[in-house]
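# Observations on the model geometry
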Amino acid sequence: MPRLPRIALGLLLLAATASGDPITTWSYGGSALQYVDTSSGSPTWADYSPSPTVDAAPLANGIKIVGVGAGGSAFSLTGETYIAGPTGDPDFRGNRLVISGTGTIDGTVWQHPADYIGTTFGIGFDLSGGSLDVYNVTTSFLLLDAGGHPVIGVGSGSSVGVYDPGSYGVGFAFQDRFGLNYQAARAIEWTVTFGLDWTGQATTDTLTFSIPSNSIDIQAVPEPATLALLTIGGLGVVGRAAKRRKLT
């Protein structure tokens, strides 16, 4: 499988911290590991129990999401406990991990059409058998006005790759831009979703999904700070790029 290009994962963190006083605040709402339930005749997403071991901490103008299980684990499944989704329907495939929350906006500052939300990912997979297809990773950001009415929504999505048995660390990043002036926005609803399809495993095989200390970071980046950083450092921002490395 071809290797994906390397990116500067620290760029978005530096840009956000350069922006000074907080212009957004972010809160973690919860997470769910879900499987496809067809018991009612129509497929729907249903939650595994217990919930994933995921928590969050504040960043400057953002939030850091981490796994708090052993070794940064967010969840672990065996081949016996994994509930496979039906094939043939791209909207209901395999399992998915959904992480969500809310935020607030100081609309007098963070409202330039070129402002963006950066999401950097540092995640890991460990599987003893079968094949893991991380077929879709998405971000979703919906801006709301003071009355809770939608203003605009954006999001990104990409597949990450197919993994044979082994331990892997994966890093990639998205940039979500709204592309217009949105002074009316005062709140954010955000979601990060991982689509995972595990096949060919034995009942005793294990799959662990980790969000270690390098974590998933979501940050609002105002354009002036971004331009200053790029000018000083001569750095280029790479969106929707990824790298993978097999751990030894």
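One can find the structure itself at the top, above this paragraph.
Below is a short write-up of the structure.

A count of helices and strands for the protein gives two helices and 15 strands. For the protein, buried positions account for 47% of its 248 residues. If you sum the accessible surface of the protein, you get close to 11200 Å²; carbon and sulfur atoms cover 54% of it.

The next point concerns the packing of aromatic side chains. For the structure shown, the criterion picks out 13 aromatic pairs. Relative to F141, the ring of W26 lies with its centre 6.2 Å away and its plane at 85 degrees, an arrangement referred to as edge-to-face. Placement of W26 in strand β1 (residues 24-37) and of F141 in strand β8 (residues 131-145) is noted, with a sequence separation of 115 residues between them. The class for F141 is buried, based on a relative accessible area of 1%. Considering the side-chain rings of Y163 and Y168, the 4.8 Å spacing of their centres and the 65 degrees angle between planes classify their relative orientation as edge-to-face. For Y163, a relative accessible area of 0% puts it in the buried group.

Our focus in this paragraph is the nonpolar core. Membership of the largest hydrophobic core comes to 48 residues, with the highest contact counts inside it found for W190, F194 and F209. With seven residues, the single largest contributor to this core is strand β12 (residues 185-199). With residues near it in sequence (within four places) discarded, W190 still touches W26, S27, Y28, I63, I65, I99, S100, G101, T102, S140, F141 and I218.

Cut-off values and rules
- Residues numbered from 1 in each chain as written.
- Predicted model: local features only at pLDDT ≥ 70, side-chain atom pairs only at ≥ 80, totals over all residues.
- Heavy atoms only, no water.
- Helix = DSSP H or I, 4+ residues; strand = E, 2+ residues; numbered from the N terminus.
- Buried < 20%, exposed > 50% of the residue type's maximum accessible area, 1.4 Å probe, protein only.
- Areas by Shrake-Rupley, 256 points an atom, 1.4 Å probe, with all protein chains shown as cover.
- Phe/Tyr/Trp six-rings, centres within 6.5 Å; stacked < 30°, edge-to-face > 60°.
- Core = buried A, V, L, I, M, F, W, Y, C linked by side-chain atoms within 4.5 Å.
- Contact = heavy atoms within 4.5 Å.

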